[in-house]
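Below are the chains, spelled out letter by letter.
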Amino acid sequence: MEKWLQAAIDYIPRWMDMQMRATERPGVSLAIDHRQQTVLTLALGHANLARGTRLTPRHRFRIGSHSKTFTAAGVLKLREQGRLRLDDAVGQHVQGLHPELAAATLAQLLAHSAGATRDGADGGQFQDRRPFLNRDEVLAQLRQPPPIDVNTRFKYSNLGYALLGMVIEAAAGEPYAHWMQREVIAAAGLKNTFCDITPTARRGLVQGHSGRLLLGERVVVPGDMPTHAIAPAGGFVGTAADVAAFYAQLLPSARRSLLGVASRREMLRRHALVPHSAVPMGYGLGLMLGSYQGWEWAGHSGALQGFVSRSLVLPDQQLAISVQCNSVDGFSWPWLDGVLQILQTFARHGAPSAATRGWSGCFWSLYGAIDLVPMRERVFAIAPTLAAPFTDATELTPQGKDRARISQANGFAGYGEEARLVRDGAGRVQELWLGGSRNVPEAVAAREVRRRYAGRAAEAEVGVQVKIAITVIA
């Protein structure tokens with residue numbers, strides 16, 4: 001592994017821990033693969049807040065629309081076996097559809113270009129207002145005219161992927177879950193992934209959680225319901241490590257994969273442009289396609305009641321990353337972007353050198369935390385509570401063991417001033433000075449702030465109580 005990558009992976013857990021403390025989310029599981037080897041698994045927070053159960057990397061999550069990538073891989077595998085073609089009309093495989101939808105091709109369904117309804121007339125299944133649709137209920141919705149004409153624009157459809165699950169059943173000649181578990185999940189070597197809730201999947205499942213905004217507190221959202229015919233679109237269960245390993249296999253350059261190279265290239269090719277999106281994005285076959293600061297990625301996001309997630313693979317860097325959160329307000333998107341920024345910064349500036357390595361650690365003041373993150377020729381002083389921590393970061397150029405110059409900084413910061421470390425008699429760093437700003441270890445800062453302000457607050461409270469007592473007596 002490249003030295004810069006190892007250094008980045010060493011720092012990511014430190015940043016993620018601060019993110020969890022700052023945002024007070026229930027739990028997050030993160031995994032990173034490099035060249036199809038797991039190089040980081042991380043679990044922070046709780047699997048169940050109500051019980052205080054700690055989260056581990058072995059816990060499974062509902063991964064929502066990641067299921068679509070698995071279903072797309074299943075369709076491509078059936079094509080490799082000669083059981084269907086991507087330009088087949090879906091009506092060749094499934095009967096009882098509206099004629100306009102029946103004429104849509106499998107490729108159009110896979111790329112969300114078939115015009116199919118997103119969730120039908122009632123999407124309450126995604127809010128636990130009703131059970132998930134069964135096959136007959138899905139087909140009843142798909143007998144209605146499609147909302148828009150086929151092949152007119154990208155239009156996301158959960159029912160379209162439920163229909164692809166029926167196509168897999170028809171072409172394979174057996175139930176979707178049975179065939180997918182054997183031919184896709186097991187073929188990919190995944191041990192902790194399931195098409196839907198099973199007794200085994202339920203035993204290792206974390207609990208989902210609501211956001212805090214609606215009720216002023218979080219409540220447990222179990223997330224252990226079967227998704228029936230919607231499983232091909234959103235019912236899968238898996239660990240972050242399994243999901244990252246799966247996406248790593250979709251690269252054309254992957255040494256081990258459940259699919260041939262031609263199928264992987266077809267999945268990664270842009271078939272549609274996602275319109276009216278804040279983040280420019282395309283869509284392949286079961287894959288979102290985009291870029292972050294010049295790094296191209298392919299992947300998917302997912303949400304199911306109580307859970308949000310995001311995973312991607314970076315073809316040029318041979319990296320796959322999965323972030324799974326067990327709350328509806330989890331930061332799966334910004335956290336994955338933050339991981340990408342950390343990786344890019346280390347890739348650009350390199351691993352720490354002998355001159356910079358000693359400039360490391362977390363220091364605090366009343367205004368929060370500062371992480372010193374050393375790289376080859378410079379040291380970054382960042383706010384680890386930021387989702388994009390290296391944006392406008394202060395840079396230090398060491399000029400000795402404990403002296404440095406602030407060589408880059410926001411215009412409102414201390415550009416050109418001195419930075420220094422102050423050590424105790426044992427050589428341990430006790431203070432970080434950035435210009436005139438003194439920062440100390442967390443425990444020291446906490447004692448200082450508590451002594452200065454908490455005592456005054458207690459005195460003020462006593463004063464108010466005395467005044468009230470005097471008023472009552474009077």
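So, a few notes on the structure that sits alongside this text. (Residues numbered from 1 in each chain as written. Predicted model: local features only at pLDDT ≥ 70, side-chain atom pairs only at ≥ 80, totals over all residues. Heavy atoms only, no water.)

**Thoughts on helix α7 (residues 176–186)**
Stage number 1. Considered for burial, the residues of α7 that qualify are Y176, W179, M180, E183, V184 and I185. In an axial view of α7, the angular spread of the buried residues amounts to 160°, which keeps them on one side of the axis.
Stage number 2. On its buried face, α7 sits against α2 (66–80), α6 (158–172), α9 (231–234) and α10 (240–248). (Buried < 20%, exposed > 50% of the residue type's maximum accessible area, 1.4 Å probe, protein only. Helix = DSSP H or I, 4+ residues; strand = E, 2+ residues; numbered from the N terminus. Arc of directions from axis to C-beta. Contact = heavy atoms within 4.5 Å.)

**A closer look at the packing of α2 against α7**
Stage number 1. At a closest axis distance of 10 Å, the pairing of α2 and α7 adopts a crossing angle of 80°. Between α2 and α7, the angle falls in the class roughly perpendicular. Note on element contacts: α7 touches α2 through Y176, W179, M180, E183, V184 and I185, opposite F70, T71, G74, K77 and L78. (Axes fitted to C-alpha atoms, helices over the stretch in contact; angles between N-to-C directions. Parallel < 35°, antiparallel > 145°, perpendicular 65-115°, else oblique.)

**Re the packing of helix α5 (residues 135–142) against α6**
Stage number 1. The N-to-C vectors of α5 and α6 enclose an angle of 120°; their axes lie 10 Å apart at closest approach. Here α6 runs oblique to α5, going by the angle between their axes. Handedness of the crossing formed by α5 with α6: left-handed. Together, R135, V138, L139, Q141 and L142 of α5 and L159, A162, L163, M166 and E169 of α6 make up the contact between the two elements.
Stage number 2. Here the contact of α5 with α6 is built from residues that sort into 7 nonpolar, 1 polar and 2 charged. (Left-handed = near helix turned anticlockwise from the far one by under 90°. Nonpolar A, V, L, I, M, F, W, Y, C, P; charged D, E, K, R; others polar.)

**Let's talk about the pairing of strand β2 (residues 37–48)**
Stage number 1. As paired elements, strand β1 (residues 27–34) and β2 share 8 bridges and run antiparallel to each other. Residue pairing in the sheet places S29 in a bridge with A43 of β2.
Stage number 2. Here β1 hands over to β2 after 2 residues, with R35 in that stretch at a positive phi of 50°.
Stage number 3. Pairing of β2 with strand β3 (residues 53–54), which is carried by 2 bridges, proceeds in the antiparallel orientation. Across the sheet, residue H46 finds its bridge partner in β3, namely R54.
Stage number 4. Here β2 folds back onto β3, and the loop between the two strands holds 4 residues, one of which, G52, carries a positive phi near 75°. (Pairing = 2+ DSSP bridges.)

**Quick notes on the pattern of salt bridges**
Stage number 1. Scanning the model with the defined rule gives 25 salt bridges in all.
Stage number 2. For D371, the salt bridge goes to R14, with nearest N and O atoms at 3.3 Å. Of this pair, D371 sits in strand β15 (residues 368–374) while R14 sits in helix α1 (residues 3–23), placing them 357 residues apart in sequence.
Stage number 3. One salt bridge connects R212 with E24, and the closest N-O pair in it is separated by 3.0 Å. With R212 in the loop between β5 (208–209) and β6 (220–221) and E24 in the loop between α1 and β1, the pair connects residues that are 188 residues apart, well separated along the chain.
Stage number 4. Residue classification places E24 among the partly exposed positions, given a relative accessible area of 48%.
Stage number 5. Via salt bridges that share partners, K77, E174, R182 and E183 belong to a single interconnected network. (Salt bridge = Lys/Arg side-chain N within 4 Å of Asp/Glu carboxyl O.)

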